[in-house]
Amino acid sequence: MKLWRHKERYQWLSRTALGAVLWLLVGCEPQVVYHQFAPVQNAQWSRLDTICFTPQVPDSGTSYQASIEVRLLQSYPYQDLVVGYEYFSPENELLQSGTYEFNTTDSYYDKNGSGIAGLYSYSAYLKSLPIEKAGDYKICIFQQESDTLLKGVQDVGLNLSRH
């Protein structure tokens with residue numbers, strides 16, 4: 001009789017521990033709220049072209065993390081890509097702005113992004129975004145390189161995740 005109780009207790013502890021581990025693995029995983037790419041016309045990004053995304057944020061009081069994502073063709077001729085961004089509230093008030101530099105090659109000038117078949121992906125996390133209330137926020141992304149027209153930029157994207 002005692003052996004059976006120990007077996008029950010062991011099974012209960014095993015299930016509880018397994019449940020806790022699964023909760024930690026799944027519960028701490030960011031939840032994607034918005035993930036969208038916009039194609040760049042003819043893979044040539046002009047300094048005059050600002051790409052805007054309008055994610056609908058379902059709630060406030062939660063930490064959100066945003067990342068800018070770019071897809072570059074093998075033909076992209078530079079070692080880096082500098083982009084700027086502006087983040088607006090649902091009332092179109094500028095809440096945050098900044099720049100980010102993507103390093104697109106390693107020290108041997110080989111492409112260092114992830115990808116296949118001549119298309120390379122790069123991602124950069126922005127600062128945590130202030131979300132005061134639910135609504136449609138806007139994030140605009142633009143290139144800040146010295147060239148007026150950047151060849152080899154296939155897509156620009158935005159990923160917004162809840163943490």
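Please refer to the structure placed before this passage.
So, here's what we can say about the structure. (Residues numbered from 1 in each chain as written. Predicted model: local features only at pLDDT ≥ 70, side-chain atom pairs only at ≥ 80, totals over all residues. Heavy atoms only, no water.)

1. A short note on the overall build of the chain
Along the backbone of the chain there are 1 helix and 13 strands. What you see in the chain, going N to C, is helices and strands ordered as α-β-β-β-β-β-β-β-β-β-β-β-β-β. Within the chain, the proportion of its 163 residues that are buried is 35%. Residue pairs in contact within the chain that sit at least 24 positions apart in sequence constitute 77% of those at least 6 positions apart. (Helix = DSSP H or I, 4+ residues; strand = E, 2+ residues; numbered from the N terminus. Buried < 20%, exposed > 50% of the residue type's maximum accessible area, 1.4 Å probe, protein only. Contact = heavy atoms within 4.5 Å.)

2. Considerations on unusual backbone geometry
Notably, Ala-43 is not glycine yet its phi reads approximately 55°, a positive angle. Backbone geometry at Asn-92 places phi at a positive 70°, although glycine is not the residue there. Within the fold, Asn-92 resides in the loop between strand S6 (80-88) and strand S7 (94-103). The class of Asn-92 is partly exposed, set by a relative accessible area of 48%.

3. What to know about the pairing of S6
S6 sits mainly inside the fold: 7 of its 9 residues count as buried. The pairing of S6 with S7 spans 9 bridges and is antiparallel. If you follow Val-82 over to S7, its bridge partner there is Glu-101. Counting the residues between successive antiparallel strands, the hairpin from S6 to S7 contains 5 residues, one of them, Asn-92, with a positive phi of roughly 70°. Here S6 runs beside strand S11 (residues 138-143); their pairing, made up of 6 bridges, is antiparallel. (Pairing = 2+ DSSP bridges.)

4. Regarding the nonpolar core
Counting 32 residues, the largest nonpolar core has Trp-45, Leu-81, Phe-102, Ile-141, Val-153 and Val-156 as its most contacted members. In terms of residue count, the dominant contributor to this core is strand S5 (residues 64-73) (5 residues). Those residues in contact with Trp-45 that sit more than four places away from it in its chain are Val-40, Ile-51, Val-83, Ile-141, Phe-142, Gln-143, Thr-148, Leu-149, Leu-150, Val-153 and Val-156. (Core = buried A, V, L, I, M, F, W, Y, C linked by side-chain atoms within 4.5 Å.)

5. A short note on the pairing of S5
With 8 of its 10 residues buried, S5 lies for the most part within the structure. In terms of strand pairing, S5 meets strand S13 (residues 153-162) through 9 bridges, oriented antiparallel. Bridge assignment links Val-70 to a residue of S13, and that residue is Val-156. Relative to strand S9 (residues 119-125), S5 runs antiparallel, the two being bridged by 7 bridges. Note that in S9 the partner of Leu-72 across the bridge is Tyr-120.

6. Quick look at the environment of Arg-71
Relative to the helices and strands, Arg-71 resides in strand S5. Of the residues examined, Arg-71 reaches a relative accessible area of 26% and is grouped as partly exposed. Residues Arg-71 and Phe-37, spaced 34 residues apart in sequence, show a C-alpha to C-alpha distance of 9.3 Å. Those residues in contact with Arg-71 that sit more than four places away from it in its chain are Phe-37, Leu-119, Tyr-120, Ser-121, Gly-152, Val-153, Gln-154 and Asp-155.

7. Description of the packing of aromatic side chains
Going through the model one piece at a time under the given rule, you end up with 4 aromatic pairs. Each ring, one from Tyr-100 and one from Phe-102, has its centre 5.1 Å from the other, and the planes form 75°; the classification is edge-to-face. We classify Tyr-100 as partly exposed; its relative accessible area is 34%. Its end group placed over the ring of Phe-37, Arg-71 keeps NZ or CZ at 3.5 Å from the ring centre. Positioned over the ring face of Phe-88 is Lys-138, at 5.2 Å from the centre of the ring. (Phe/Tyr/Trp six-rings, centres within 6.5 Å; stacked < 30°, edge-to-face > 60°. Lys NZ or Arg CZ within 6 Å of the ring centre and 35° of its normal.)

8. Digging into the sheet that holds strand S8 (residues 114-116)
Sheet architecture is open: 5 strands sit in the order S1-S13-S5-S9-S8, paired in antiparallel fashion. Two strands bound the open sheet, and with one partner strand each, they are strand S1 (31-39) and S8. Across the sheet, the mean angle separating the axes of adjacent strands is 20° when strand polarity is ignored. Pairing between S8 and S9: 3 bridges, direction antiparallel. Pairing of Ile-116 across the sheet is with Leu-119, part of S9. (Axes fitted to C-alpha atoms, helices over the stretch in contact; angles between N-to-C directions.)

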